[in-house]
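Remarks on the overall topology
So the chains spell out like this:
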There are 2 protein chains.
Amino acid sequence: MNKNLFALKGNIVYSQDKNNLVTAASSYLVCEDGKVAGIFKTIPKQYEGICVEDYGIKLIIPGLTDLHVHAPQFTYRSLGMDMELLPWLNTYAFPEEAKYAQVEYAKKAYGRFARALSASATTRAAIFATLHVPATFILMDLLDQTGVQAYIGKVNMDRNSSDNLIETAEQSALDTENWLKECVGRYKNVKPILTPRFIPSCTDELMERIGELQRKYNVPLQSHLSENASEIAWVQQLHPDTKCYGEAYQKYGVFGGNCPTIMAHCVHPNKTELELMDKNGVYIAHCPQSNMNLCSGVAPVRTYLDRNMRIGLGSDVAGGADLSIFKAMADTIRASKLRWTLKDKALAPITVPEAFYMATKGGGSFWGKVGSFEEGYEFDAVVLDDSNLEGSEEFSLQQRLERMIYLSDDRNVIHKYIKGIKTR
Amino acid sequence: MNKNLFALKGNIVYSQDKNNLVTAASSYLVCEDGKVAGIFKTIPKQYEGICVEDYGIKLIIPGLTDLHVHAPQFTYRSLGMDMELLPWLNTYAFPEEAKYAQVEYAKKAYGRFARALSASATTRAAIFATLHVPATFILMDLLDQTGVQAYIGKVNMDRNSSDNLIETAEQSALDTENWLKECVGRYKNVKPILTPRFIPSCTDELMERIGELQRKYNVPLQSHLSENASEIAWVQQLHPDTKCYGEAYQKYGVFGGNCPTIMAHCVHPNKTELELMDKNGVYIAHCPQSNMNLCSGVAPVRTYLDRNMRIGLGSDVAGGADLSIFKAMADTIRASKLRWTLKDKALAPITVPEAFYMATKGGGSFWGKVGSFEEGYEFDAVVLDDSNLEGSEEFSLQQRLERMIYLSDDRNVIHKYIKGIKTR
């Protein structure tokens, strides 16, 4: 007997590939065992009598993926964006993250983050916590309850930080291994991910230990790459034997290949790095708002898409002010236009279908068959009510999606299903 | 006996000048005869017993000014931003504006615009209607009821448009003169403003007639200037005797000086134009989101501020997708950062106090003493409830304002006073 069998009825939009949106007006999206069974104009014979939630003229889209977000920075999002990356970390990010040594603070602050993420259209996320294991468990506990499918990382950092936010390589590796072990069997929805902060934060010894843990426990890894010119120069000083920043991860076996890897930003890849990322199948978390706010630049997204590289979008709170991946789509398009206008006519601006693809199927594929409504994909669906914008009846489904990208907020997200479970 | 005498109590923030925010925690903002009488820690003796609306910890800021917005384009905001200016006008803007020949359509569509503007933090606006006089009156009637102090313009355009959206020079001038006469004494809150669309839309004959009307009726004027490279080249072809786009207005006496003038965009001024704008006191309506969406570029706002030129912000719906002037502030900052990062390190990014100044006192000064809470300024005040962002108690008033700039929407705007009248 089938479990978890039901249908949503409404106006369906999803990405088939980066250039094509599929729309199905007034159709049934059938969920069977947590997966998409198909989209139908009328309920087929084999599904007769199943429960149908009829959402009328509302939009139904795949859940969105946030490939890069710092949960502990959520509290001060939108503040202190008057610096570039390295001074910004020391002035704002590190002092805030140090507070998560206190579990009471972590409970309060992560509670806010979990509520906001839960209210958003995001159904999958790759999240940085802090170096503190107890606080990381608090975040994992809270997120697990939301149903959001999240990879969450205890951060590793043993150099170039403040005295109150640093570990030794030995302690960092031990804490990480114990944390990985404690995670086993503990969660339904969240999973651990190795999270060396970035090369300047991790000694060679620590990177070595993280590489070993990756191979021993077979967990994925997330970090930062080529965000900012000063950062890249610093990495070159720290690893003078490398031809690019990415090689400093590659040295330890944690730059894609057998290690599923998300690298945030990738704003300034050189040719060697671009080819290495491509060859190794590294996931790019494009974070356009953060890259604007911190004066990092604009990543060559058109190049990544043309090469069919793996790419999704990230809010990068609190480099980004906003947790909304709809806004990340709009920012992707706008930043690409300014890059084209001000800097480089060779890379054409990103289109709405391309931005939507990255926000759904592009980033979602880090979790497998996620981010689309093709048969066999995990049933992550978001129901959007756009009636507050008025005039829905005048527009095509693609236009209504476009209005959501530019104008939606959490009010428009009225229901959310993750792996076939209604979470909102 | 004093009329219209009351106080608001709350956390007050306003711009003293472009570099300095003034904050007054838990203070009284006194209104007398529609003007600011002062800000006080305790109610002074002469105001004892006046009505006090106590807004607790909520923020009270001056109303925002939208120096450039196309009301008839509101219906399709966020759509069709896949082109640059000139094809965009022909493909999206002109066909939509042609619909306003029908008064029933105008009533419905302008109703939406009026509701949205009323719900926003904007208290002053300079608005383009269409060339249709009956529809323009509908817009003026609707806006007058909202209390928003708006300049509204019947558009003039007698060339380079579609067959269903064009006038003769003669008819345009006659319609405009009759419209100006009919406006006299008709409205409490809105006023007419001359609105030649832009040089490519107006023959020399029409510009001549508009200049005459300006001098005869002493009304201000709004138009577009140097938004896009193709547009600028076209104006140069149309007026080969000019050294800059601005001179094509100057020829007809409608480029500042004795004619109070708002020019939208000003993205690409040459040296001659910059100096002419400065000398003539032309108001610049900076529209960063539109300039990103339509790939126009980023205006040299730092140059304008350094020269103490007159500048405010515009949403430029529907080149801009969003009517919020808070978003225009955030976009001003972000666009200036990308300009600095990608193009020109000589012009430092715009700061939060500078963006807030432009959105309040900068643009507001087109109406006189508007956009500040200094004594004698018109009493335009907006009450903001930022409790949905959580943690207000942890932040300074400037930080709370910053959060509103990056994260607010119409939910945060809970009350609005314009010239001392509560409109929301």
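Everything numeric in this text was worked out from a predicted model, so none of it was measured.

1. Comments concerning the sheet that holds strand β15 (residues 381–384) of chain A
Residue and element names in this part refer to chain A. Reading across the sheet, the 7 strands line up as β3-β2-β1-β4-β15-β16-β17 and stay open at both edges, with mixed pairing between neighbours. This sheet does not close on itself; its edge strands, each paired only once, are β3 (35–40) and β17 (421–422). Here strand β1 (residues 6–17) pairs with strand β2 (residues 20–32) via 10 bridges, running antiparallel. When the bridges of β2 are listed, V13 appears paired with T23. On the sheet, helix α12 (residues 352–364) packs against β1, β2 and β4 (51–62) and is oriented at approximately 115 degrees with respect to β1.

2. Remarks on the environment of N218 of chain A
All names here are of chain A. Within the secondary structure, N218 is located in the loop between α5 (204–217) and β11 (221–225). Taking relative accessible area as the criterion, N218 reaches 59% and is therefore assigned exposed. Distance from N218 to L194, taken between C-alpha atoms, is 9.9 Å for residues 24 residues apart in sequence.

3. Quick look at the interface of chain B and chain A
Contact residues are listed per partner, giving 45 residues for chain B and 45 residues for chain A. Between chain B and chain A, roughly 3,900 Å² of surface is buried when both sides are summed, and carbon and sulfur atoms account for 56% of that area. Counting across the chain B and chain A interface gives 10 salt bridges. A salt bridge links K108 of chain B to E394 of chain A; its shortest N-O distance comes to 3.5 Å. At the boundary of chain B with chain A, the tally comes to 15 residue pairs in polar contact (both at pLDDT 80 or more). Of all the secondary-structure elements, those providing two or more residues to the side of chain B that touches chain A are α2 (103–119), α9 (288–293), α11 (325–342) and α13 (397–407) of chain B. Classifying every residue of the side of chain B that touches chain A by side-chain character gives 16 nonpolar, 10 polar and 19 charged.

4. Overview of the confidence of the model for chain A
Per-residue confidence for chain A averages 97 on the pLDDT scale, and 100% of its residues sit at or above 70. Interface confidence for the predicted complex, given as ipTM, is 0.98, next to a pTM of 0.98.

5. Focus on the relation of the copies chain B and chain A
Mapping chain B onto chain A leaves a residual RMSD of 0.0 Å; the transformation is a rotation of 180 degrees accompanied by 0.0 Å of translation along its axis. Taken together, the rotation and translation relating the two chain copies correspond to the operation of a two-fold axis. When the interface residues of chain B are mapped onto chain A, 100% of them again fall at the interface, so both copies present the same face.

6. Some thoughts on the sheet that holds β11 of chain A
Residue and element names in this part refer to chain A. Read from one edge of the open sheet, 4 strands run β11-β12-β13-β14, paired in parallel fashion. One side of each edge strand has no neighbouring strand; the edge strands of this open sheet are β11 and β14 (311–313). In this sheet, neighbouring strand axes are inclined to one another by 30 degrees on average, regardless of whether the strands run parallel or antiparallel. Alignment of β11 against strand β12 (residues 261–265), held across 5 bridges, turns out to be parallel. From the neighbouring strand, L225 faces β12, where its bridge partner is H265.

7. Quick look at the pairing of strand β7 (residues 149–153) of chain B
All names here are of chain B. Summarising burial for β7: 5 of the 5 residues are buried, a large majority. Side-chain alternation along β7 places Q149, Y151 and G153 on one buried face and A150 and I152 on a second face that is also buried. Judged from the 5 bridges that link them, strand β6 (residues 122–128) and β7 form a sheet pairing that is parallel. Across the sheet, the residue bridging to A126 is Y151, located in β7. Handedness of the β-α-β unit built from β6, helix α3 (residues 133–146) and β7 comes out right-handed. With 3 bridges joining them, β7 and strand β9 (residues 190–192) adopt parallel strand pairing. Directly across from Y151, in β9, lies its bridge partner K191.

8. Details of the packing of helix α11 (residues 325–342) of chain A against α12 of chain A
All names here are of chain A. Running from amino to carboxyl end, α11 crosses α12 at an angle of 140 degrees, the nearest separation of the two axes being 9 Å. In this view, α11 runs oblique relative to α12, as classed from their interaxial angle. Every pair of crossing elements has a handedness; the one defined by α11 and α12 is right-handed. Note on element contacts: α12 touches α11 through V352, A355, F356, M358 and A359, opposite I325, M329, T332 and I333. When grouped by side-chain class, the residues that make up the contact of α11 with α12 number 8 nonpolar, 1 polar and no charged.

9. What to know about the layout of surface pockets
Approximately 350 Å³ is the volume attributed to the second largest pocket. Taken together, 21 residues make up the lining of the second largest pocket; nearest its centre are G80, M81, D82 and M83 of chain A together with K337 of chain B. When contributions to the lining of the second largest pocket are tallied by element, the ones reaching two or more residues are α11, α12 (352–364) and α13 of chain B.

10. A word on the domain arrangement of chain A
It is common to report an interface's size as the accessible area lost on association of the parts. All names here are of chain A. By domain assignment, chain A separates into domain 1 (6–63 + 372–422) and domain 2 (64–367). Using only C-alpha atoms to locate each centre, domain 1 and domain 2 end up separated by 29 Å. Each partner contributes residues to the interface: domain 1 has 31 residues there, and domain 2 has 31 residues. When the two sides are added together, the surface that domain 1 and domain 2 hide from each other amounts to roughly 2,500 Å², 60% of it contributed by carbon and sulfur. It is K18, I405 and Y406 that lose the most area in domain 1 upon contact with domain 2, and together they represent 29% of the buried surface on that side. At the junction of domain 1 with domain 2, the criterion picks out 3 salt bridges. One salt bridge connects E378 with R124, and the closest N-O pair in it is separated by 3.3 Å.

11. Focus on empty space enclosed by the protein
Evaluated as defined, the whole model comprises 7 cavities of 30 Å³ or more. The volume enclosed by the largest cavity comes to roughly 200 Å³. Along its surface, the largest cavity is lined by 18 residues, and K327, D331 and R334 of chain A together with K327 and R334 of chain B are the ones closest to its centre. Only α11 and α13 (397–407) of chain A together with α11 and α13 of chain B provide two or more residues apiece to the lining of the largest cavity.

12. Re the environment of N189 of chain B
Residue and element names in this part refer to chain B. Its location among the elements puts N189 in the loop between α4 (169–183) and β9. Put simply, N189 and M140 are 49 residues apart on the chain and 9.0 Å apart in space, counted from C-alpha to C-alpha. Excluding anything up to four places from it in sequence, N189 contacts D144, G147, V148, Q149 and A150.

13. Some points on the UniProt feature "domain: Amidohydrolase-related" (unreviewed entry) in chain A
As recorded in UniProt, the sites labelled "domain: Amidohydrolase-related" (unreviewed entry) are residues 60–420 of chain A. In the segment residues 60–420 of chain A, helix accounts for 43% and strand for 16%; the C-alpha atoms at its two ends are 14 Å apart.

Conventions used here
- Counting restarts for each chain: residues are numbered from 1 in the order of the written sequence.
- The order in which chains are written sets their letters, starting at A; the order in which ligands are written sets their numbers, starting at 1.
- In keeping with the predicted nature of the model, local features appear solely for residues at pLDDT of at least 70, side-chain atom pairs appear and are counted solely at 80 or more, and the whole-chain, interface and lining totals rest on all residues.
- Note that the side-chain values use all heavy atoms of the structure and ignore hydrogens as well as water.
- A pair of strands counts as paired when DSSP detects no fewer than two bridges linking them.
- Numbering of helices and strands runs from the N terminus; a helix is a DSSP stretch of H or I covering at least four residues, while a strand is a stretch of E covering at least two.
- We call two residues in contact whenever any of their non-hydrogen atoms come within 4.5 Å of each other.
- For helices, the axis comes from a line fit to the C-alpha atoms of the stretch in contact; other axes are also lines fit to C-alpha atoms, and the angle between any two N-to-C directions lies between 0 and 180 degrees.
- Burial classes: relative accessible area under 20% of the type maximum marks a residue as buried, over 50% as exposed, and values in between as partly exposed (1.4 Å probe, protein chains only).
- Two parts placed together each lose some accessible area under a 1.4 Å probe, and adding up what both lose gives the buried area.
- Salt bridges are defined by distance alone: a side-chain nitrogen of Lys or Arg within 4 Å of a carboxyl oxygen of Asp or Glu.
- Contacts described as polar in this section are N or O atom pairs within 3.5 Å, which, within protein, must combine one atom able to donate a hydrogen with one able to accept it, while residues neighboring in sequence count only if both atoms come from side chains.
- Classification convention: Asp, Glu, Lys, Arg as charged; Ala, Val, Leu, Ile, Met, Phe, Trp, Tyr, Cys, Pro as nonpolar; all other residues, Gly among them, as polar.
- Each residue carries a pLDDT score, the predictor's confidence in it, ranging from 0 to 100.
- Least squares is used to superpose the copies, and the fit set is the C-alpha atoms of residues whose pLDDT is at least 70 in both copies.
- When the strands point away from the viewer, a crossover counts as right-handed if the route from the first strand across the helix to the second turns clockwise.
- Note on terminology: angles under 35 degrees are roughly parallel, angles over 145 are roughly antiparallel, angles of 65 to 115 are roughly perpendicular, and the others are oblique.
- Note on convention: the crossing is left-handed when the near helix lies turned anticlockwise from the far helix by less than a right angle, right-handed when the turn is clockwise.
- Cavities and pockets are defined on a 1 Å grid built over the protein atoms alone: a cavity is a set of grid points where a 1.4 Å probe fits but cannot escape, while a pocket is an open set with protein on both sides within 12 Å along at least five of seven lines, and lining residues are those with an atom within 4 Å of any such point.
- Grid points are joined across faces, edges and corners, and a volume is the space filled by probe spheres set on the points.
- The domain limits used here are those given by an automatic or database domain assignment.
- UniProt positions are given in the numbering used here, feature names are shortened, and annotations may be inferred rather than shown by experiment.

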